[in-house]
Amino acid sequence: MDTRLLRTFTTLARTGSFTAAAAELHLAQSTVTVQIRALEKDLRVRLFDRLPSGAVLTDTGARLLERAQHVLDAEDRLHHEAHTAAPIEGSVTLGASESLCAYRLPLAVAALSRDLPTVEIHMRAVGSPSEASEQLSSGRVDVSLLLESRVDIPHLETEVIGHEPLALVAAPGHPWVEAEASPRHPGEQVDLGELGELDELNEPTFFLLEEGCSYSDAFARQLLAMPGEPPRITRFGSIEAVRACVEAGLGLALLPVVSVAADLASGRLHTLRNFPEVPTLMLRHRSRWTSPAAQTVMARLRRLAAEGWVGG
């Protein structure tokens, strides 16, 4: 089998667009179409549904994608071992949670790109461990970074490379800021009972990140376990949406400090409580080959995270 067809297949699966796949592979769009048809004819299956919104994997295509990626990994490894003295080069795709994509990785990736000019680095949003697992298995990403207490997925290797402090924040005019504000040292355990009965102080609303975010899920469980009437909890898939609601004085939120640092410094938000830090986890697929370029990027990210990302 011509592995060029498999590479076109995996690229189209990742981009979801014949135009984008052609641009990335430096091919004419018609060539991508011809190669996909040739692969489907060879395998005697339909790999994609051609929809107005783009190319969508069929169930069969999704099942074969990971196998195709393993073949390409083997080919890449063969080429590398045949040229062990070759300079480190290639493409590395990082999957990361929103807060890391927005507040940690941009400067880090810029620094990596300066230091590793022959390595092309891409970023891709990954919202949960299950999504990271799917994207690592399919080859859409080479390594993922998540803010999670732990990830128990057998085929994923996890490594703690840093920690991010969390804080319960509110707008300056919120009643809890005046009645309950007593900031603690980062990492100090918090007894939520100290915040008072939830039916006091105008029935506060909490804005949290969507289900699947481990620290938001844990905090929601703590809130719901408290005595009295359950609090109002609204969950969003975006840190920006959560922060905007809190800045408008609509409620409180538990967020990584890095995502609200500018707001805290300017006084637009106020820290009610500091919470224990959440680990920054680096994840990779156990059975997939990690290219030298990816290994180098992972090593640099370990160092940057250990230094508090100041090196970025």
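1. Examining helix α1 (residues 3–15)
Then, number 1: With 13 residues, α1 ought to run about 18 Å at 1.5 Å a step, and its terminal C-alpha atoms sit 18 Å apart, in line with that.
Then, number 2: The complete set of buried residues in α1 reads L5, L6, T8, F9, T10, T11, L12 and A13.
Then, number 3: Positive backbone phi, approximately 70°, marks G16, located one or two places after α1.

2. Concerning the pattern of salt bridges
Any two side chains of opposite charge can pair if their charged atoms end up close together.
Then, number 1: Tallied over the full model, the rule gives 15 salt bridges.
Then, number 2: D152 serves as the salt-bridge partner of R150, at 2.9 Å between the closest nitrogen and oxygen. As far as the burial class goes, R150 and D152 line up, both exposed.
Then, number 3: Its salt-bridge partner being E157, residue R286 comes within 3.9 Å of it at the nearest N-O pair.

3. Describing the side chain of E40
Then, number 1: Residue position: E40 is located in helix α3 (residues 29–43).
Then, number 2: The exposure class of E40 is buried, given its relative accessible area of 10%.
Then, number 3: Polar side-chain contacts of E40 include one of 3.0 Å to the side chain of R50.
Then, number 4: Apart from residues no more than four positions distant in its own chain, E40 is found in contact with V45, R46, L47, F48 and R50.

4. Description of the nonpolar core
One broad rule of soluble globular proteins: the nonpolar side chains tend to lie buried together.
Then, number 1: Of all hydrophobic cores here, the largest spans 55 residues; its most connected members are L145, V297 and L301.
Then, number 2: Per-element tally for this core: the top contributor is helix α12 (residues 292–306), with seven residues.
Then, number 3: Residues within four places of L301 in sequence aside, it is in contact with L94, L105, L112, L145, I161, M282 and W309.
Then, number 4: In this structure, A21, I36, L57 and L65 belong to the second largest nonpolar core, which totals 18 residues.

Rules behind the numbers
- Residues numbered from 1 in each chain as written.
- Predicted model: local features only at pLDDT ≥ 70, side-chain atom pairs only at ≥ 80, totals over all residues.
- Heavy atoms only, no water.
- Helix = DSSP H or I, 4+ residues; strand = E, 2+ residues; numbered from the N terminus.
- Expected span 1.5 Å × (residues − 1).
- Buried < 20%, exposed > 50% of the residue type's maximum accessible area, 1.4 Å probe, protein only.
- Salt bridge = Lys/Arg side-chain N within 4 Å of Asp/Glu carboxyl O.
- Polar contact = N/O pair within 3.5 Å; in protein donor to acceptor, adjacent residues only side chain to side chain.
- Contact = heavy atoms within 4.5 Å.
- Core = buried A, V, L, I, M, F, W, Y, C linked by side-chain atoms within 4.5 Å.

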